[in-house]
Amino acid sequence: MKAFLRSLFVVALLTTSFAAVAEDKAPRTVSTYDVALDVALRPASFIGMIVGTGLFVGLAPFTAISQAFPPHDSFDKMARLLIVQPAYYTFSRPVGDYTHPSDY
């Protein structure tokens with residue numbers, strides 16, 4: 001029962017804590033559908049970030065080999081794809097915004 005309550009607390013924390021920090025240029029309404037969808041998407045994105053970090057560490061030797069050939073930005077591309085994008089989607093994205101900006 002304790003594990004269930006802890007996981008419920010973590011889910012509630014992930015869905016509500018960072019939504020207030022995100023700023024929009026124009027105020028917009030957030031529907032209950034957006035909030036309900038974020039209850040599932042934010043924990044899934046967090047798990048994706050954890051799995052992506054493990055993949056990044058596991059694939060680092062192969063990435064280092066590919067770093068020898070131009071273009072020399074394979075570590076940067078892989079880190080963005082596996083770690084930064086899921087982290088942005090989990091922690092910085094406003095509620096109800098499902099777009100992926102390319103500037104993170």
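Before going into details, it helps to say that this report is about the structure given with it. All values reported here derive from a predicted model rather than from experimental measurement.

**Here's the deal with the overall build of the protein**
Turning to step 1, where the next piece is worked out: Across its full length, the protein holds four helices and zero strands.
Turning to step 2, where the next piece is worked out: Beginning at the N terminus, the succession of helices and strands in the protein can be written as α-α-α-α.
Turning to step 3, where the next piece is worked out: Burial status across the protein gives 24% buried among its 104 residues.
Turning to step 4, where the next piece is worked out: For the protein, long-range pairs separated by at least 24 residues make up 72% of all intrachain contacts whose partners lie at least 6 apart in sequence.

**Describing the pattern of salt bridges**
Pairing is possible between side chains of opposite charge, provided their charged atoms come close.
Turning to step 1, where the next piece is worked out: This model, assessed by the stated rule, comprises three salt bridges.
Turning to step 2, where the next piece is worked out: Among the ionic pairs, Asp 38 bridges to Arg 42, the shortest N-O distance being 3.6 Å. One end of the pair is Asp 38 and the other is Arg 42, both in helix α2 (residues 32-58) and four residues apart, which spans about a single turn. Just as Asp 38 is buried, Arg 42 falls in that class too.
Turning to step 3, where the next piece is worked out: Between Asp 76 and Arg 80 there is a salt bridge, and its shortest N-O distance comes to 3.2 Å. Pair noted here: Asp 76 and Arg 80 are both in helix α4 (residues 74-92), with a separation of four residues, about one helical turn.
Turning to step 4, where the next piece is worked out: Judged by relative accessible area, which is 37%, Asp 76 ranks as partly exposed.
Turning to step 5, where the next piece is worked out: Each of Asp 38, Arg 42 and Arg 93 takes part in one network of salt bridges that share partners.

**Concerning the environment of Arg 42**
Turning to step 1, where the next piece is worked out: Exposure remark for Arg 42: the relative accessible area of 0% places this residue in the buried category.
Turning to step 2, where the next piece is worked out: Side-chain polar atoms of Arg 42 contact the backbone oxygen of Thr 90, separated by 2.6 Å.

Analysis parameters
Chains are numbered independently. Their residues run from 1 in the order of the written sequence. Local features are withheld for residues below a pLDDT of 70 in this predicted model, meaning they are given only at 70 or higher, and side-chain atom pairs are given and counted only at 80 or more; totals for whole chains, interfaces and linings count all residues. Side-chain metrics rest on all non-hydrogen atoms present in the structure, leaving aside hydrogens and water. What counts as a helix is a DSSP run of H or I of at least four residues, what counts as a strand is a run of E of at least two, and both are numbered from the N terminus. When accessible area is computed with a 1.4 Å probe and restricted to protein chains, residues below 20% of their type maximum are described as buried, those above 50% as exposed, and intermediate ones as partly exposed. We call two residues in contact whenever any of their non-hydrogen atoms come within 4.5 Å of each other. A side-chain nitrogen of Lys or Arg and a carboxyl oxygen of Asp or Glu constitute a salt bridge if their distance falls within 4 Å. N or O atoms closer than or at 3.5 Å make up a polar contact, with two conditions inside protein: a donor-capable atom paired with an acceptor-capable one, and, for residues adjacent in sequence, both atoms drawn from side chains.

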